[in-house]
Amino acid sequence: MAHDTTSRHDAPPPDAPEPGKAPVDTVPAGTGAPDGRLNRELAGLDALELGGGTRGRTLERAWSAVWPIITAVLIGLFAWQVVVWSGWKPSYVLPGPKDTLPVLWDHVTTSSFWSAVGLTMQRALIGYAVSVAFGVVIGALVSQFRVLRRAFGSLITGLQTMPSIAWFPLAIMLFKLSESAILFVVVLGAAPSIANGLIAGVDYTPPILLRAGKVMGLRGPNLYRHLIMPASLPSFVAGLKQGWAFAWRSLMAGELLVIIGSTTSLGVLLAQAREFNDAPGMISYMIVILIIGIVIDQLFGVVDRAIRSRWGLDD
């Protein structure tokens, strides 16, 4: 009978794989190795943590944008009240916040007030849209043709600096007391600023970009559309913002001077409050006009920040 001469120590270990088979992971349970379920749970916790961080950053950005406005409003109200306390003018001429804010609330809760705001905003949007159209066309032509630049460059700047109210006698003579008279002055007040913004943006377009665009085959309108307009966008947006400021001021002056039939707008309400010596009502309408201007400015700020972020200028 033959004896097995293989030593016990030479035998393969129990966990060794059979010849021709891949090794199998035989880590015992309870040793802390992550399995599929544990990986999923950890991923869920990571996602939850990241989500909470995102929400926290969103709230932080919102608060950082809101608290300066709240602080400015509180400082303004306090300064206003200090002037009233000083006794510089009697309360029926210069009422304080506690007399004006309730009147403002009474106004904003009536439908007639919002009808007046709607008419004013309709005029503002129409006038501003026409101003943008004229400003873009004039700015594009003047920036591209040197002869037009020499002929009309200084004229555009002169029109921009001319007070809008100086145009109303001519507007009333040309268009009588009509919507066209108001639109005429709004366009003359806003279009030069928009045109100058576009001209400045084109002037500061790097020459290397223009050469690169021409090498790539951009000519005429395509060069303007695909290269010059994107490159001049920051200055153009600044011109649009300034144009809105001029349009808004021109519109308010127009509504105070040009009263059309029985229409009611913010300017008409302001003029009526002045005629009836309603100081709280007059100041409340002025506050509404100020708030609308601030809201529009914030919208332009959103566009400006988006451009800065796209250009890598916003930290």
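Conventions we followed
Residues numbered from 1 in each chain as written. Predicted model: local features only at pLDDT ≥ 70, side-chain atom pairs only at ≥ 80, totals over all residues. Heavy atoms only, no water. Helix = DSSP H or I, 4+ residues; strand = E, 2+ residues; numbered from the N terminus. Buried < 20%, exposed > 50% of the residue type's maximum accessible area, 1.4 Å probe, protein only. Contact = heavy atoms within 4.5 Å. Areas by Shrake-Rupley, 256 points an atom, 1.4 Å probe, with all protein chains shown as cover. Salt bridge = Lys/Arg side-chain N within 4 Å of Asp/Glu carboxyl O. Phe/Tyr/Trp six-rings, centres within 6.5 Å; stacked < 30°, edge-to-face > 60°. Lys NZ or Arg CZ within 6 Å of the ring centre and 35° of its normal.

Novice: Just give me the short version of the overall build of the chain, but keep the residues and values in it.
Specialist: Helices and strands together make up the secondary structure of the chain, namely 11 helices and 0 strands. Looking at the chain as a whole, 31% of its 315 residues are labelled buried. Counting only contacts in the chain whose residues sit at least 6 apart along the sequence, the fraction spanning at least 24 positions is 71%. As displayed, the chain offers around 20900 Å² of accessible surface, 67% of which is attributable to carbon and sulfur atoms.

Novice: Lay out the pattern of salt bridges with the relevant residues and their values.
Specialist: Following the criterion strictly, the structure yields 5 salt bridges and no others. Its salt-bridge partner being Lys-98, residue Asp-99 comes within 3.6 Å of it at the nearest N-O pair. Assessed through its relative accessible area of 34%, Asp-99 is described here as partly exposed. Between Glu-255 and Arg-123 there is a salt bridge, and its shortest N-O distance comes to 3.1 Å. Pair noted here: Glu-255 is in helix H9 (residues 233-257) and Arg-123 is in helix H3 (residues 111-144), with a separation of 132 residues, a long-range link. Among the charged side chains, a salt-bridge network with shared partners connects Arg-123, Glu-179 and Glu-255.

Novice: Quick rundown of the packing of aromatic side chains? Include the residues and the values.
Specialist: One pass over the full model with this rule turns up 6 aromatic pairs. Pairing Phe-175 with Phe-184 gives two aromatic rings, centres 5.5 Å apart and planes at 50 degrees, and the pair type is tilted. Among the aromatic residues, those joined into a ring-pair cluster are Phe-113, Trp-114 and Tyr-285. When the ring centre of Trp-88 is taken as reference, the NZ or CZ atom of Lys-89 above it lies at 5.3 Å.

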